[in-house]
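Descriptive structure summary
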Amino acid sequence: IHLALTKQNKSLRYLWSLDKPFHHLLTEANIDQLPNVRYASYLPQVEILKHGNVILFISHGGFNSVAESLIFNKPMLIIPLSPHLDHADNGLRVQ
């Protein structure tokens, strides 16, 4: 992910919702130093997906995230976090 964030077009901006106990991972990877990345423990996902500047939604593939992305007609990149939940199946369904 770090490579994608640092090597891509610098005019792209990224929002990352990540629970506070995991914020240290962004610091360790120096992602928190990138000027085009903003992260928080909570982001208003529906409001963000409504926005016209959103060009891609990267998600773990949970049902609600997939449904909201479909509602607002946003392309998705699904990265399943657990093989034991519906994430991988949802990713295959939206392929």
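Attention here is on the structure that accompanies the text. (Residues numbered from 1 in each chain as written. Predicted model: local features only at pLDDT ≥ 70, side-chain atom pairs only at ≥ 80, totals over all residues. Heavy atoms only, no water.)

Observations regarding the overall build of the protein chain
When helices and strands are counted, the protein chain shows five helices and four strands. Along the protein chain, from the amino end to the carboxyl end, the secondary structure elements read α-β-α-β-α-β-α-β-α. Taking 2.2 N^0.38 as the reference for a compact globule, 95 residues should give roughly 12 Å; the C-alpha atoms of the protein chain span a radius of gyration of 14 Å, in line with that estimate. Expressed as lengths along the three principal axes of its C-alpha atoms, the size of the protein chain is roughly 35 × 30 × 25 Å. Looking at the protein chain as a whole, 25% of its 95 residues are labelled buried. (Helix = DSSP H or I, 4+ residues; strand = E, 2+ residues; numbered from the N terminus. Rg over C-alpha atoms; globule rule 2.2 N^0.38 Å. Buried < 20%, exposed > 50% of the residue type's maximum accessible area, 1.4 Å probe, protein only.)

Description of the environment of Leu15
Position of Leu15 relative to the elements: it lies in strand β1 (residues 14-17). Taking the relative accessible area as the measure of exposure, Leu15 reaches 52% and is therefore exposed. Spatially, the C-alpha atom of Leu15 lies 11 Å from that of Leu56, the residues being 41 residues apart in sequence. Beyond its immediate chain neighbours, meaning those up to four positions away, Leu15 contacts Arg38, Leu43 and Ile48. (Contact = heavy atoms within 4.5 Å.)

Quick notes on unusual backbone geometry
The backbone of Asn30 shows a phi angle near 60 degrees, a positive value even though the residue is not glycine. Relative to the helices and strands, Asn30 is located in the loop between α2 (23-28) and β2 (37-40). Not every positive phi belongs to a glycine, and Asn73 is a case in point at roughly 55 degrees. Its relative accessible area of 68% is what places Asn73 among the exposed residues.

A short note on the pairing of β1
Relative to β2, β1 is paired through four bridges, and the arrangement is parallel. If you follow Leu15 over to β2, its bridge partner there is Arg38. The parallel pair β1 and β2 is bridged by α2, and the resulting crossover is right-handed. (Pairing = 2+ DSSP bridges. Right-handed = clockwise from strand over helix to strand, strands pointing away.)

As for the pattern of salt bridges
Under the definition given, this model contains one salt bridge. With a shortest N-O distance of 3.3 Å, Lys50 and Glu47 are connected by a salt bridge. Pair noted here: Lys50 and Glu47 are both in helix α3 (residues 45-50), with a separation of three residues, about one helical turn. For Lys50, a relative accessible area of 47% puts it in the partly exposed group. (Salt bridge = Lys/Arg side-chain N within 4 Å of Asp/Glu carboxyl O.)

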